[in-house]
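Overview (structure and organization)
Spelled out from the first residue to the last, the chains are:
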Amino acid sequence: MWLLPLSVPLLGLLALLARQRGILAAGRGALNRVLRWARGPACPRRTHAFVFSQCTHGRADSVLETFDLYAETHHTLELGRVRGVELDEVVVRAAPRRVLELGLGCGYSAVRTLRLLPPGGRLLAVEADPLSAELGEELVLVAGFKNHQFEVLTCSSAEAIAGLRRPLHGDQGEEEGGLDLVLMDHDPQHYLPDLRALEGWGLLRPGGCLVLMVFRGHDSVVRQEVLEHVGSRPQSYSSSVRSGRGGMMEVQYREETISLMSSGDVIG
């Protein structure tokens, strides 16, 4: 009983400290938003320079933490921590051996994916902007990954997809299985045409390929077009489409048989 009088002021002190922490956290959040606004649009060069100079080279987790630190006070085109954690969950669940990433950016999502691939897994990243492709590839190497684990193509997504058929087949032409995971984080206007092209070229693994699309706010029309396409092909896609908390949408491809299109039928 004698502890009761002492506990009242102690509880009051704890409540005060909690409020102060909440105020400080809210203040830091507001300051970070002001700093992002004042520093203007995302800049690949500045992102690369910060991460390259501040991270511990050879450590993927340090590279990701430095990306996230930069994103607190700067605009960035990278996935960010919330979407990044969701991407981790997808990669772990899919356990892919062959991954196609459309939209490398500065390499954040590539690093997140590569660190979770099983032995022998490989990632092919496509980036249309030459500067971003160069900077992103360098940061993937800084994270400790080797050239045999990933490749960066500097071209449009349509060009990359059209040229992918040969690498996905063996030297004698035997089928090696296709892609297990496709991450689309490039221009959303290309999501549906690229999905159709991947289908047509037989690049999506028939037994189950997960296509993960990133939506960043004003892409509701594209999202609806994708949903309508998937819904019109129940023989090819799982009936359930998952939408994540970070604006990411999962589409599961499960067609049993695939026929390749002729070159004249490729959708660009």
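Attention in this report is confined to the structure presented alongside it. (Residues numbered from 1 in each chain as written. Predicted model: local features only at pLDDT ≥ 70, side-chain atom pairs only at ≥ 80, totals over all residues. Heavy atoms only, no water.)

Some remarks on the nonpolar core
Side chains of a nonpolar character, in soluble globular proteins, are inclined to be buried together. Defined as follows: Take the buried Ala, Val, Leu, Ile, Met, Phe, Trp, Tyr and Cys residues and link them wherever side-chain atoms come within 4.5 Å; each set so joined is a nonpolar core. Three exposure classes are used, based on accessible area relative to the maximum for each residue type with a 1.4 Å probe and protein chains only: buried under 20%, partly exposed in between, and exposed over 50%. Numbering of helices and strands runs from the N terminus; a helix is a DSSP stretch of H or I covering at least four residues, while a strand is a stretch of E covering at least two. Residues are treated as being in contact if the distance between any of their heavy atoms lies within 4.5 Å.
Counting 64 residues, the largest nonpolar core has Leu 100, Val 182, Met 184, Leu 198, Leu 204 and Met 213 as its most contacted members. Looking at which element gives the most residues to this core, the answer is strand β5 (residues 209–214), with six residues. The contacts of Val 182, once residues within four sequence positions are left out, are Leu 100, Leu 198, Leu 204, Cys 209, Leu 210, Val 211 and Leu 212.

Considerations on the environment of Pro 118
Structurally, Pro 118 can be placed in the loop between α5 (108–114) and β2 (122–126). Put simply, Pro 118 and Pro 96 are 22 residues apart on the chain and 7.3 Å apart in space, counted from C-alpha to C-alpha. In contact with Pro 118, other than residues within four places in its own chain, are Ala 95, Pro 96 and Arg 97.

Observations regarding the layout of surface pockets
Counted only if it meets this: Buried and open spaces are told apart on a 1 Å grid over the protein atoms alone, a cavity being a set of points where a 1.4 Å probe fits but cannot get out and a pocket being an open set with protein on both sides within 12 Å along at least five of seven lines. Residues with an atom within 4 Å of a point are the lining residues. Grid points are joined across faces, edges and corners, and a volume is the space filled by probe spheres set on the points. Here the term charged refers only to Asp, Glu, Lys and Arg, the term nonpolar to Ala, Val, Leu, Ile, Met, Phe, Trp, Tyr, Cys and Pro, and the term polar to all other amino acids, Gly among them.
Counted as a void, the largest pocket has a volume near 510 Å³. Leu 77, Gly 103, Glu 127, Asp 185 and His 186 are, among the 34 residues lining the largest pocket, the residues nearest its centre. When residues of the lining of the largest pocket are traced back to their parent elements, those giving at least two are α2 (44–54) and α7 (157–162). Tallied by class, the residues present in the lining of the largest pocket amount to 16 nonpolar, 11 polar and seven charged.

Examining the state of the cysteines
In a disulfide, the sulfur atoms of two cysteines are held together by a covalent bond. For clarity, the threshold we go by: In what follows, a disulfide is any cysteine sulfur pair within 2.5 Å.
Taken as a whole and judged by the stated rule, the model has zero disulfides. No disulfide involves Cys 43; its sulfur sits 8.4 Å from that of Cys 106, the nearest cysteine.

Thoughts on unusual backbone geometry
In this model, Ala 95 sits at a positive phi of 45 degrees, which is unusual for a non-glycine residue. Turning to its location among the elements, Ala 95 is positioned in the loop between α4 (80–94) and β1 (98–102).

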